[in-house]
Each structure stands twice: as C-alpha cells, then as structure tokens.
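Listed below are the residues making up each chain.
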Amino acid sequence: MESCGEMVQFPVLVGSNYRACTIPYRFPSDNVKKSTPTELLWIDLFAKSISSFRKRAESDETVPGAVERAEKFAQRYAEILEDLRKDPESHGGPPDCILLCQLREQVLRELGFRDIFKKVKEEENSKAISLFRDVVHLNDAIEDEANRVESLVRGMFAGNIFDLGSAQLAELFAKDGMSFQASCQNLVPRPWVIDDLDSFISKWVSRSWKKVVIFVDNSGADIILGILPFARELLRNGATVILAANDMPSINDVTYIELLEIIAILKDDTGKLVGVDASKLLVVNSGNDLPVIDLSRVSQELAYVASDADLVVMEGMGRGIETNLYAQFKCDSMNVAMVKHLEVAQFLGGRLYDCVIKFNEFQS
C-alpha cells in the first residue's frame, strides 16, 4: 500500500506521555546552551559512522561525481555535528537519535544520494532468498511448538546482525560477510539483557493473536531469514500479518517497494510461502524514512489497517531499542533486537551483541 498525505498517530499507541527516544539525552534542569554528556556521546557515535557512509556514497554509480559529493557529505555532516557539540540548539536541536539520523539523511539527499546501500542490499537479498526455503524447512522440522518459536526468535536475532548502520558491523561485514546459521548458533547465552522469551512463548501457544503488525528493519538476512519465517508461522496459525516498511531508503533498511518485490519472488505460483497461504500477509508503507521511528507520525494507510491489531512487534535496534523500548500499546507488544552499539549496551546494562526480547501483555 502506497503512502500519501498527512501523517497520523499509530492507532494502538498509548499517546499520553509517549516519547519516541528511549535514552534521556537531557533533563529539564540541564543548561539549554550546553551539550549534555549523553548528547556528546551520541554525537561522537554518529561521527564515527561518517567514514563508512562516505565509502558507500563514493561507490554509488548512479550519482555523477560521487567521490567529490561523498567528500562534501562527510565534511558537511561533520560540521553539523561540531555545531551541535558547541550549541545543542542549532540545526533544530537539542540532538537525539532521531534528529541525528534526519540531519544525516538530509545532507545525503541534498547532495543527490538517494540510496547509497542499494547495491549491497540487492546482493544480500539475493543471498538470503536462496537460503529462505532451507531456513523454513529447518524450523518446520522442529515438532515441539515452544522449541520452534524459540528457533524463530533466535533467527530474528541472527538476521538482525546485518546492520550496516553500525560502524563496527559494517567493517566486519566488508571483511568476512556473515553466515546466518553460525549467527543463530553463536548468540550470547541467555539470560539476555531483557529476556521475556518464556512469557512470549507461553502466550504464543494459546494462538490468541488475530492481527499482527511488525515494524521491519534491515534488508537481506534480517527480513528474509529472520522476519519472514516468523511471519509465516503466524500466518500458519491463522493471523493476518502486516509488515510495516519504510517509505524511502535509509541505510540498509528494507523499503516497502523492495519488500513487495522480495515476497513476490518467494511466493510460489499459488501465492504460498513454502506451503503456507500468504493471502493474509500485507506489506504497508509506514511513511517513515529513517532507521528509527516516531510512532506519533505514521502513514494514514498503516493507521487504517492497524487499528484492530492485537500484537505489535518493534524489530531492530533503531525501532525497538533506541526508540520505542518503553512505548505502551493498547494491545500486546514485543520489542526484539540485537544490541549493536556499545553505548546502547551500557545504557541497558548488557553486553555488546546482547539480545532484547521485551514482551508486554496488554491488561485491559
């Protein structure tokens, strides 16, 4: 479904006291003219990623003079970050992860860069598509339902490693690529930093959800080997599944147009996903264009189809930890993501590459 028009609040969000950003960057008592230690920490985090973004931009063959424009991006965004260090009220501040992402995307787009990760997304989608059927069969072979659900959740964590917005992971990926099965087996041991897996599985086996909205994250293994097998299992249990994907490209996040194309490839001639009817699987434009999301601003199309959702899944570090970890909903909700920034790990009191599965059962 294509997005247009005014943005609205996500209908099952509890809007009172909602704040999109999870980490408190400043408090009312802080000096408005001076950057806080947390703001400086996050400005530095975004500054460290400039090099990997510049390299991606340099190799964008769709942009004339890409090398020179990429250097201009690096200089201009670095200058903006330096301005924010000196004056937190500059550039629409004070800064938080949403503003820092917005400013980065704004500079890229002003210089003609629309999708600097397009090539690597296509490559990783192709690899993951070739593995999809095998991953599904491995999960289907697990007879015990609780064990199968745990395997599917572990697959979401493993897929979520493919995140080129993380400078460390971008460097690792460039060197070695990533093995999905190895990632599943090598997750940090439980208990995870936030670990509601057992309560989620207990609720799952009652098969109570009729409509599930999943805010999806990255291309490649994340969406194809992590989210889609999970969504397929929900479909098999009779649920309608709505995949809410970005309107416009941002880092290696999947867009709704790309996701429509992926699902069309994965479906067989009868419209099934490896034997499961996919007629109740919907892809919807969330209206978002960032790797984080403010749920007070989503597309009208998403709001319309999600108004009677009884489970909301916020997947990925940007949408599920850095924003919306404490969001409250008028239905069951789950945040599921891998911790890929040391700063986030420290905030949560966990380990780098720790896992978060936060499940809230709605109490009416």
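Residues numbered from 1 in each chain as written. Predicted model: local features only at pLDDT ≥ 70, side-chain atom pairs only at ≥ 80, totals over all residues. Heavy atoms only, no water.

### Observations regarding the packing of aromatic side chains
And step 1. Under the defined criterion, the tally for this structure stands at 13 aromatic pairs.
And step 2. Measuring from centroid to centroid gives 5.9 Å for F200 and W204, while their planes differ by 70 degrees, and the two rings are edge-to-face. Separated by 4 residues within a single helix, F200 and W204 lie in helix α9 (residues 197-204), roughly one turn from each other. W204 shares its class with F200; the two are buried.
And step 3. Ring plane angle 15 degrees and centroid distance 5.6 Å describe the contact between F200 and W209, whose orientation is recorded as stacked. As far as the burial class goes, F200 and W209 line up, both buried.
And step 4. An aromatic cluster of three or more residues is present, and its members are F200, W204, W209, F230 and F359.
And step 5. Against the face of W192 rests R190, its NZ or CZ located 5.4 Å from the ring centre. (Phe/Tyr/Trp six-rings, centres within 6.5 Å; stacked < 30°, edge-to-face > 60°. Helix = DSSP H or I, 4+ residues; strand = E, 2+ residues; numbered from the N terminus. Buried < 20%, exposed > 50% of the residue type's maximum accessible area, 1.4 Å probe, protein only. Lys NZ or Arg CZ within 6 Å of the ring centre and 35° of its normal.)

### A word on the nonpolar core
And step 1. Core analysis: the biggest nonpolar cluster contains 67 residues, and F10, F215, L295, L302 and F329 have the highest contact counts within it.
And step 2. Non-local contacts of L302, meaning those with residues more than four positions away in its chain, are made with F10, V213, F215, I242, A244, V284, N285 and S286.
And step 3. Membership of the second largest hydrophobic core comes to 55 residues, among which are W209, V216, F230 and A239. (Core = buried A, V, L, I, M, F, W, Y, C linked by side-chain atoms within 4.5 Å. Contact = heavy atoms within 4.5 Å.)

### Comments concerning the pattern of salt bridges
And step 1. Taken as a whole and assessed by the stated rule, the structure comprises 25 salt bridges.
And step 2. Here K33 makes a salt bridge to E89, at a shortest N to O gap of 3.2 Å. Here E89 lies in the loop between α3 (66-86) and α4 (97-110) and K33 lies in the segment before α1 (37-48), a separation of 56 residues in the sequence.
And step 3. One network of salt bridges, with partners in common, ties together D140, R148, R232, E233 and R236. (Salt bridge = Lys/Arg side-chain N within 4 Å of Asp/Glu carboxyl O.)

### A few points about helix α2 (residues 50-58)
For the α-helix, the turn length of 3.6 residues means that residues three or four positions removed from each other point alike.
And step 1. Turning to α2, its buried residues number three or more, namely I50, S52, F53 and A57. Taken down its axis, α2 places every buried residue within 165 degrees of arc, on the same side. (Arc of directions from axis to C-beta.)

### Notes on the sheet that holds strand β3 (residues 240-245)
And step 1. Ordered by their spatial adjacency, 7 strands build an open sheet running β1-β9-β8-β7-β2-β3-β6, and the pairing between neighbours is mixed. Since the sheet does not close on itself, it has two edges, and those belong to β1 (194-195) and β6 (281-285), each with one partner.
And step 2. Where strand β8 (residues 332-338) lies against strand β9 (residues 355-360), 6 bridges are found, and the strand directions are antiparallel. Note that in β9 the partner of S333 across the bridge is N360.
And step 3. Of the strands in this sheet, β7 (311-315), β8 and β9 are in contact with helix α6 (residues 145-159), which crosses β8 at around 50 degrees. (Pairing = 2+ DSSP bridges. Axes fitted to C-alpha atoms, helices over the stretch in contact; angles between N-to-C directions.)

### Brief notes about the state of the cysteines
Two cysteines, two sulfur atoms, one covalent bond between them: this is a disulfide.
And step 1. This structure, assessed with the given rule, holds 0 disulfides.
And step 2. In this model C101 remains outside any disulfide bridge; the closest cysteine sulfur is found in C97, 6.1 Å from its own. (Disulfide = S-S within 2.5 Å.)

### Description of the environment of L259
And step 1. With respect to the helices and strands, the residue L259 is situated in helix α11 (residues 256-266).
And step 2. Exposure remark for L259: the relative accessible area of 0% places this residue in the buried category.
And step 3. Considered as a pair, L259 and L352 are 93 residues apart in the sequence and their alpha carbons are 29 Å apart.
And step 4. Setting aside chain neighbours within four positions, we find L259 in contact with V216, I223, L243, A245, V254 and V283.

### Re the packing of α6 against helix α10 (residues 221-236)
And step 1. Between α6 and α10, the shortest axis-to-axis distance is 7 Å and the interhelical angle comes to 155 degrees. In terms of orientation, α6 lies roughly antiparallel with respect to α10. The chirality of how α6 crosses α10 is left-handed. Counted together, R148, L152, G155, M156 and G159 of α6 and A221, D222, L225, G226, I227, P229, F230, E233 and R236 of α10 form the full contact between these two elements.
And step 2. Taken together, the residues of the contact of α6 with α10 sort by class into 7 nonpolar, 3 polar and 4 charged. (Parallel < 35°, antiparallel > 145°, perpendicular 65-115°, else oblique. Left-handed = near helix turned anticlockwise from the far one by under 90°. Nonpolar A, V, L, I, M, F, W, Y, C, P; charged D, E, K, R; others polar.)

### Remarks on unusual backbone geometry
And step 1. A cis amide bond links G93 to the next residue, P94, at an omega of 15 degrees.
And step 2. On the secondary structure map, P94 appears in the loop between α3 and α4.
And step 3. Residue P191 follows R190 across a cis peptide bond; omega there is 0 degrees.
And step 4. Considering the arrangement of structural elements, one finds P191 in the loop between α8 (180-185) and β1.
And step 5. Unlike most non-glycine residues, N17 shows phi in positive territory, near 65 degrees.
And step 6. Structurally, N17 can be placed in the segment before α1.
And step 7. Taking the relative accessible area as the measure of exposure, N17 reaches 80% and is therefore exposed.
And step 8. Non-glycine residue I251 carries a positive phi angle of around 40 degrees.
And step 9. Within the secondary structure, I251 is located in the loop between β3 and α11.

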